[in-house]
Amino acid sequence: MTSVPIEVNGLTKQFGHQDPAVAELSFRVAPGRITGFLGPNGAGKTTTLRCLVGLMRPTSGEALIAGRRYADLPRPTTVVGAVLDVEGFNPARTAREHLLIRAYAGGIDRAQVDPMLDFVGLSDAKDRKAGQLSLGMSQRLALAVALLADPPALILDEPANGLDPAGIAWLRTFLRGLADEGRTVLVSSHQLAEMRQTVDDVVIIDRGRLVRAGPLGDVVGTASVVHVTGPDLTALVGAVAAAGGSTQGSATDLAVTGLTPEQVGHLAWQHHLEIHGLRAQAAELEDVFLTLTSDRRADP
Amino acid sequence: MMGLVRAEWVKTFSLKLWWLMLLFGALLVILLTLPFLLISGVAAEEGMAELDLTQPGALTTIWTTIGSATVIALLIGVLSFTGETRHGTLTDTFLTEPRRLRVLAAKAVVAAIQGVFLAVVATGVVMLLVLWLLPEPHAPVQWGDAVTAGLAAALVYALYAVLGVSFGALVPVQVAAVVLGILWVLLVENILAGLLPAVAPYLPGSAAAAIGGSPDLLAPGVAVLVLVGYAVALAAIAGATTLRRDIS
């Protein structure tokens, strides 16, 4: 599997004279990992993804797949598969016809159609019209269309929407399998509890701007609170601030935010501080998300 | 490009809509032909001689009805593009081929072939009607003339279907494009021709009639170029405007 990074550099998209839907957004999505693209509804996730696959024209900045704009990729569906809306099927065409159309138009071997229907578990429904498929089946059909050309990168917009728990479990296993094969997987969602169990990296945006990006553990880790106790922690307050964290509490009992427990412990050791207790209170992705996005909301 | 055309082919023939359009085309041609066959006979007997079928060349008038389903050909093209906007399949189409004008070209190729099919059906229908219903007495039937009219209709329908694809791209809202297309062919064009006699020969309907062999109009070759010109011009305008739009 060739590794295909996805990069967004300074992307801005403005509709008319409104505030930009996406503003100066930059992030990178690594191959072989599942990256969750998170944000509340209306944060600009769909706009960003549509810019990535050439359906929308950025106002400025660029969105690149394998170092190129989507429209400049030769046979783009062989490089990146995209699932953007599940309703994008003509209800009168069968599942198989939709795949056949993609095969012809994308220059993909027609012999891939039936194995792909098997792969997503639709072989029994291949001659059923798209209008008669359940939402879960439509999701699978959309995945089949996106994966038909065996692309090394995959972009999914809210794929868990409307899926039942079994469907979500299936999707999670499915995406993990694809990432383990070395594919780049970018998944947008506003369902955070679900993403916590699925993603390796997160990119959090709010009102079109990047809030946080990095491995899930780091993002959640730095958002957790580290409680430190000791006889005199005065020196730690300055050290934490210098390292980019913040503190609350007294010189004998500090609550540190913005740093991982490892970082706090290391700072204490560097400053030869006597520590009686160091306890991390883990944050959930929801907490992180709400903290980060409500901070921004408080900003004028 | 061949792959895109085959994809458009599958899109077209996987829907009942195409057969429905063919049926509408046949019905329209039948409706326009029947009066000549049923009423002309009566008129001739009563000496009104609106269309005296005993006169050589009278049947030529009947053959012109083969080319009278231009509105259906136009709609075939219009539906090819606007069907995608209506069902949201345009997202998938432009994901597969981001060079949007190439999609339009592939649709034009398939629409043109559909136009030719429509002409074949129209020719067959009119020939059958003449065979069954032509009242006696009548001048000898020149079947070759029917074939000539059919060939002209094939060219006209192909060009109108291509024109419809361009028009659909320019007016991507299906209902609007269909209504405007019908109004244009049945109403607006005739009014315009009356108001502006100087440009009348260059209107699509007149160009179509010229290809069908109507006298006092453009030479058929020029008429073909006029229709191609409209299709290319509309596609170019769509390419610079509606086709560049964001797909949301």
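Residues numbered from 1 in each chain as written. Chains lettered and ligands numbered in written order. Predicted model: local features only at pLDDT ≥ 70, side-chain atom pairs only at ≥ 80, totals over all residues. Heavy atoms only, no water.

Caption draft 1: Representation of the overall build of chain B in the model. Per the secondary structure count, chain B includes 10 helices and 0 strands. Scanning chain B from its N terminus toward the C terminus, one meets helices and strands in the order α-α-α-α-α-α-α-α-α-α. Its C-alpha atoms give chain B a radius of gyration of 19 Å, near enough to 18 Å, the size a compact globule of 248 residues would have. Viewed in the frame of its principal axes, chain B has a C-alpha envelope of about 65 × 40 × 30 Å. Expressed as a percentage of its 248 residues, the buried residues of chain B come to 48%. If you take every contact in chain B between residues at least 6 apart in sequence, the share linking residues at least 24 apart comes to 78%. (Helix = DSSP H or I, 4+ residues; strand = E, 2+ residues; numbered from the N terminus. Rg over C-alpha atoms; globule rule 2.2 N^0.38 Å. Buried < 20%, exposed > 50% of the residue type's maximum accessible area, 1.4 Å probe, protein only. Contact = heavy atoms within 4.5 Å.)

Caption draft 2: Just the sheet that holds strand S1 (residues 6-13) of chain A, in detail. Residue and element names in this part refer to chain A. Strand order across the open sheet formed by 3 strands is S2-S1-S4, with antiparallel pairing between neighbours. The open sheet terminates on both sides in strands that have one partner only, identified here as strand S2 (22-29) and strand S4 (60-65). Taken over all neighbouring pairs, the strand axes of this sheet differ in orientation by 15° on average, direction set aside. Strand direction decides the pairing type here: S1 and S2, joined by 5 bridges, are antiparallel. Of the residues in S2, the one forming a bridge with Lys 13 is Val 22. (Pairing = 2+ DSSP bridges. Axes fitted to C-alpha atoms, helices over the stretch in contact; angles between N-to-C directions.)

Caption draft 3: Expanded view of the interface of chain A and chain B. With 31 residues of chain A at the contact, the number on the chain B side is 23 residues. A combined buried area of about 2400 Å² lies between chain A and chain B, and 58% of that area is made up of carbon and sulfur atoms. Contact with chain B buries area across many residues of chain A, yet Leu55(A), Arg93(A) and Tyr104(A) alone supply 26% of it, more than any other trio. Lys13(A) is the salt-bridge partner of Asp246(B), the closest N and O atoms lying 2.6 Å from each other. Put simply, chain A and chain B have 12 residue pairs in polar contact (both at pLDDT 80 or more) between them. Here the side of chain A that touches chain B takes 7 residues from helix H2 (residues 95-106) of chain A, the largest share from any one element. In the side of chain A that touches chain B, the residues fall into 17 nonpolar, 5 polar and 9 charged. (Buried area = accessible area lost by both parts, 1.4 Å probe. Salt bridge = Lys/Arg side-chain N within 4 Å of Asp/Glu carboxyl O. Polar contact = N/O pair within 3.5 Å; in protein donor to acceptor, adjacent residues only side chain to side chain. Nonpolar A, V, L, I, M, F, W, Y, C, P; charged D, E, K, R; others polar.)

Caption draft 4: A look at the sheet that holds strand S13 (residues 277-281) of chain A. All names here are of chain A. If you trace the 4 strands from one edge of the open sheet to the other, you get S11-S12-S10-S13, paired in antiparallel fashion. Edge positions in the sheet fall to strand S11 (246-249) and S13, since each of these pairs with one other strand and no more. Taken pair by pair, the neighbouring strands of this sheet meet at an average axis angle of 25°, ignoring direction. Inspection of the sheet shows S11 paired to strand S12 (residues 253-257) by 4 bridges, in the antiparallel sense. Within the sheet, the bridge partner assigned to Thr 247 lies in S12 and is Val 256. Strands in contact with helix H9 (residues 261-270) are strand S10 (225-229), S12 and S13; relative to S13, the strand with the most contacts, it is inclined by about 160°.

Caption draft 5: Main features of the pattern of salt bridges. Across all of its chains, the model carries 17 salt bridges over all chains by this definition. One salt bridge in this structure joins Asp150(A) and Arg183(A), with 2.9 Å as the shortest N-O distance. Residue Asp150(A) is found in the loop between helix H4 (135-147) and strand S6 (153-157), and its partner Arg183(A) is found in the loop between helix H5 (165-180) and strand S7 (184-189); the two are separated by 33 residues along the sequence. Each member of the salt-bridge network shares a partner with another, and the members are Glu8(B), Lys11(B), Glu84(B) and Lys107(B).

Caption draft 6: Layout of the pairing of S10(A). Residue and element names in this part refer to chain A. Along S10, the buried face is formed by Val 226 and Val 228; none of Val 225, His 227 and Thr 229, which line the opposite face, is buried. With 5 bridges joining them, S10 and S13 adopt antiparallel strand pairing. Residue Val 225 lies in a different strand from S13, and its bridge partner there is Gln 281. With 4 bridges joining them, S10 and S12 adopt antiparallel strand pairing.

Caption draft 7: Looking closely at the packing of helix H6 (residues 100-133) of chain B against helix H7 (residues 143-170) of chain B. Residue and element names in this part refer to chain B. Between H6 and H7, whose axes approach to 7 Å, the crossing angle comes to 145°. Crossing angle aside, the handedness with which H6 passes H7 is right-handed. The residue inventory of the contact of H6 with H7, partitioned by class, reads 22 nonpolar, 3 polar and 1 charged. (Left-handed = near helix turned anticlockwise from the far one by under 90°.)

Caption draft 8: Representation of the environment of Pro165(A). Residue and element names in this part refer to chain A. Checked against the element boundaries, Pro 165 lands in helix H5. Owing to a relative accessible area of 69%, Pro 165 belongs among the exposed residues under this scheme. For the pair Pro 165 and Glu 194, spaced 29 residues apart in sequence, the C-alpha separation works out to 9.9 Å.

Caption draft 9: Structural context of the nonpolar core. Ranked by internal contacts, the top residues of the largest apolar core, which has 61 residues, are Leu38(A), Leu99(A), Leu141(A), Leu156(A), Leu175(A), Val185(A) and Ile204(A). Not counting residues within four places of it along the chain, the set of residues in contact with Leu175(A) comprises Ile34(A), Leu154(A), Leu156(A), Val185(A), Val187(A) and Thr198(A). Ranked by size, the runner-up nonpolar core spans 57 residues in total, among them Ala122(B), Leu134(B), Ala152(B) and Leu227(B). (Core = buried A, V, L, I, M, F, W, Y, C linked by side-chain atoms within 4.5 Å.)

Caption draft 10: Representation of unusual backbone geometry within the structure. One non-glycine residue with positive phi stands out, namely Arg75(A), at about 45°. Here Arg75(A) shows up in the loop between S4 and strand S5 (80-83). For Arg75(A), a relative accessible area of 46% gives the class partly exposed. A positive phi angle is found at Asp216(B), which is not glycine, with a value near 65°. Owing to a relative accessible area of 78%, Asp216(B) belongs among the exposed residues under this scheme.

Caption draft 11: Seen up close, the confidence of the model for chain A. On average, residues of chain A score 89 in pLDDT, and 97% of them reach the 70 mark or higher. Mean pLDDT in chain A bottoms out at helix H10 (residues 285-298) of chain A, which sits at 66, and peaks at S1(A), which reaches 96. (pLDDT = per-residue confidence, 0-100.)

Caption draft 12: Main features of the packing of aromatic side chains. Residue and element names in this part refer to chain B. Across all of its chains, the model carries 9 aromatic pairs over all chains by this definition. Ring centres 4.5 Å apart and planes at 35° place the aromatic pair Trp 9 and Phe 13 in the tilted group. Remark: Phe 13 and Trp 9 occur in helix H1 (residues 2-13); sequence separation between them is 4 residues, near one turn of the helix. Taken together, a centroid distance of 6.2 Å and an interplanar angle of 40° make the contact between Trp 18 and Phe 117 tilted. Taken together, the residues Trp 18 in helix H2 (residues 17-45) and Phe 117 in helix H6 connect sequence positions 99 residues apart. Among the aromatic side chains, those forming a connected cluster through ring pairs are Trp 9, Phe 13, Trp 18, Trp 19 and Phe 117. (Phe/Tyr/Trp six-rings, centres within 6.5 Å; stacked < 30°, edge-to-face > 60°.)

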